[in-house]
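# Per-entry structural report
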Amino acid sequence: DAPQAMADTWLTLIPQQRVFAVGPSSAAGKKPNMPRLVPTPCPDRVLWCKRLLHVVEAYKMLKSGTTPFDWLLSGNEDWYVNLPAMRKAFEGKSPDDPAVYTSLGCSQAW
């Protein structure tokens, strides 16, 4: 399935303590290669709710000091990310400058 494919490919390039997924609590423990799962009260197809929960959880991680990071990538369970291309796209951008990078549609260059 798509989440397992992510866990088996590009997510292997990211330290697991920096990865978490938002999903139904019924999925917890069913995918041994998946990152930490944050149970969500969000209906399955209400993506804005899941995205908001990503931001809230990331804020908690950052404030706790246990998982420092410069950027938050929030996506769906069927994404593929070309990490070298994404790193290149962020060259010259500062995490100290508040910003949201997004677009409409089904694809980015990274």
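Preceding block: the structure.
An account of the accompanying structure is given in this report. These figures come from a predicted structure and were not determined experimentally.

Turning to the state of the cysteines, a few remarks are in order. Two cysteines form a disulfide when their sulfur atoms are joined by a covalent bond. Tallying each qualifying case throughout the model produces one disulfide. The disulfide partner of Cys42 is Cys49, and the gap between their sulfur atoms is 2.0 Å. Disulfide Cys42-Cys49: the torsion about the S-S bond is -70 degrees, which places it as left-handed. Comparing Cys42 with Cys49 shows no difference in burial state: the two are buried.

Here Asp96 shows up in the segment after helix H3 (83–89). Asp96 gets classed as exposed once you look at its relative accessible area, which sits at 68%. Along the sequence, Asp96 and Asp70 sit 26 residues apart, while their C-alpha atoms lie 8.3 Å from each other.

So, about the pairing of strand E1 (residues 20–23). Residues of E1 alternate between two faces, with Phe20 and Val22 on one and Ala21 and Gly23 on the opposite face, all of them buried. Note that E1 and strand E2 (residues 36–39) share four bridges and pair parallel. Note on E2: the bridge partner recorded for Val22 is Val38.

Grouped together as the largest cluster of nonpolar side chains are eight residues: Met6, Trp10, Leu11, Val19, Val81, Leu83, Met86 and Phe90. Sequence-distant contacts of Trp10, that is, excluding residues within four places in its chain, are made with Leu73, Trp79, Tyr80, Val81 and Leu83. One finds Phe20, Val38, Leu53 and Met61 within the second-largest nonpolar core, a separate group that totals six residues.

Reading the values: rules and limits
- Residues numbered from 1 in each chain as written.
- Predicted model: local features only at pLDDT ≥ 70, side-chain atom pairs only at ≥ 80, totals over all residues.
- Heavy atoms only, no water.
- Disulfide = S-S within 2.5 Å.
- Buried < 20%, exposed > 50% of the residue type's maximum accessible area, 1.4 Å probe, protein only.
- Helix = DSSP H or I, 4+ residues; strand = E, 2+ residues; numbered from the N terminus.
- Pairing = 2+ DSSP bridges.
- Core = buried A, V, L, I, M, F, W, Y, C linked by side-chain atoms within 4.5 Å.
- Contact = heavy atoms within 4.5 Å.

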